[in-house]
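# Secondary and tertiary structure notes
Given next are the chains, with one letter for each unit.
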Amino acid sequence: VLCYGSNDKTGKADVPLMRRDQVLIGFLRPLGTREVVQEVAGTGVMSFSVEMMPRTTRAQSMDALSSMATACGYKAVLIAGDVLPRFLPMLTTAAGTITPARVLVIGAGVAGLQAIATARRLGAVVSGYDLRPAVKEQVHSLGARFVELPIEAAGAQDARGYATAQDETFYARQRELLGRVVAESDVVITTDMVRAMAPGSVIVDLAAERGGNCELTRAEEKIVTGGVTIIGWINLASTVPYHASQLYARNLTAFLVHLVKEGKVQLNLQDEIVRETLLTRGGEVVNARVREFFSLPALAPQS
């Protein structure tokens, strides 16, 4: 299900179809817009947001967000390679040797690691950057160079394994240092350093739907500025629909098997998987993390 929260165009049409105590599972964009989340809650549905799935061994088979990130990271490199006016791999030809393209992937999460792996398979020279030192080994294991900047992030990742926000002083220094690396790259996945890039370079911004990680990105558009192509296409997973659908179906099936016993939903709030993904119930937004994010008052503990 791609419901109201994650469907800006036609999702509102889903709301009248919802009814009290109906179970809704899907991408709901729980940290998107407070009004949308509360409107979904107001229908009375018991909703579970797959974006909130904890990153634990038990929940791995249910992690739809990682599945879609895998599809996006893979396709981002193919799109970049198609637009890049040069070969990705090194080639030895009768006309001489062609040097390989240099690819920089910024952010070594699931999408970033898949982008690194795909670019390496295509023969590019690949570098990866992440503010979390813990991912250095993963980047190296894929045959890429890990970009290390002489700055240290405070508490680089949270308990869930995600990168944590830093102060503006850190980001200013990061932009300064990273700009030197960007200037040497032909294809960049998510960055805001454009002007230093050589003409013909390509940026694929996987965050385009939510404003982008490049200051010049325009959602759903491909633009060229200063000879640099910036691609802001959204929902890249839908461009590989066969396997994206297959992965998503497997994730939801695994979640349903975990949630439903003998034909009934077992709402065990002691179970981290159930507790963390449960978004709305009985007309209220009940997810503690979402309520805190939107500054909603805490609810009384539920049994």
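Just so it is clear, the structure is predicted and the values come from calculations on it, not from any experiment.

### Looking at the packing of aromatic side chains
For the coordinates displayed, the defined rule picks out three aromatic pairs. Between the aromatic rings of phenylalanine 27 and tyrosine 248, the centroid separation amounts to 5.4 Å while the plane-to-plane angle is 25°, which identifies the pairing as stacked. A residue pair is termed long-range when its members are at least 10 positions apart, and phenylalanine 27 in the loop between strand S1 (23-26) and helix H1 (34-42) and tyrosine 248 in helix H6 (residues 241-259) qualify at 221 residues. For the pair phenylalanine 48 and phenylalanine 255, a centre-to-centre distance of 5.7 Å together with 65° between the ring planes defines the contact as edge-to-face. Residue phenylalanine 48 is found in strand S2 (residues 46-49), and its partner phenylalanine 255 is found in helix H6; the two are separated by 207 residues along the sequence. Residue phenylalanine 255 is classed as buried on the basis of its relative accessible area of 1%.

### Thoughts on the nonpolar core
Counting residues in each nonpolar core, the largest one holds 49 residues, and the members touching the most others are Phe48, Val103, Val126 and Phe255. Listing elements by their share of this core, those giving two or more residues are S2, helix H2 (64-83), strand S5 (102-106), helix H3 (110-121), strand S9 (202-204), H6 and helix H7 (272-277). Counting residues per element, this core draws most heavily on H2, at eight residues. Filtering out sequence-adjacent residues up to four positions away, phenylalanine 255 remains in contact with Ile25, Phe48, Met53, Met62, Ile273 and Thr277. Grouped together as the second largest cluster of nonpolar side chains are 19 residues, Leu104, Tyr129, Leu177 and Val194 included.

### Some words on the sheet that holds strand S15 (residues 284-285)
Strand order in the open sheet made by the four strands is S1-S2-S14-S15, with mixed pairing throughout. Each edge of the open sheet carries a strand with a single partner, namely S1 and S15. Taken together, the two bridges between strand S14 (residues 278-281) and S15 define a ladder with antiparallel strand orientation. The residue of S15 that forms the bridge with threonine 280 is valine 285. Packing against the sheet, H6 makes contact with S1 and S2, and its axis sits at approximately 140° to S1.

Cut-off values and rules
Residues numbered from 1 in each chain as written. Predicted model: local features only at pLDDT ≥ 70, side-chain atom pairs only at ≥ 80, totals over all residues. Heavy atoms only, no water. Phe/Tyr/Trp six-rings, centres within 6.5 Å; stacked < 30°, edge-to-face > 60°. Helix = DSSP H or I, 4+ residues; strand = E, 2+ residues; numbered from the N terminus. Buried < 20%, exposed > 50% of the residue type's maximum accessible area, 1.4 Å probe, protein only. Core = buried A, V, L, I, M, F, W, Y, C linked by side-chain atoms within 4.5 Å. Contact = heavy atoms within 4.5 Å. Pairing = 2+ DSSP bridges. Axes fitted to C-alpha atoms, helices over the stretch in contact; angles between N-to-C directions.

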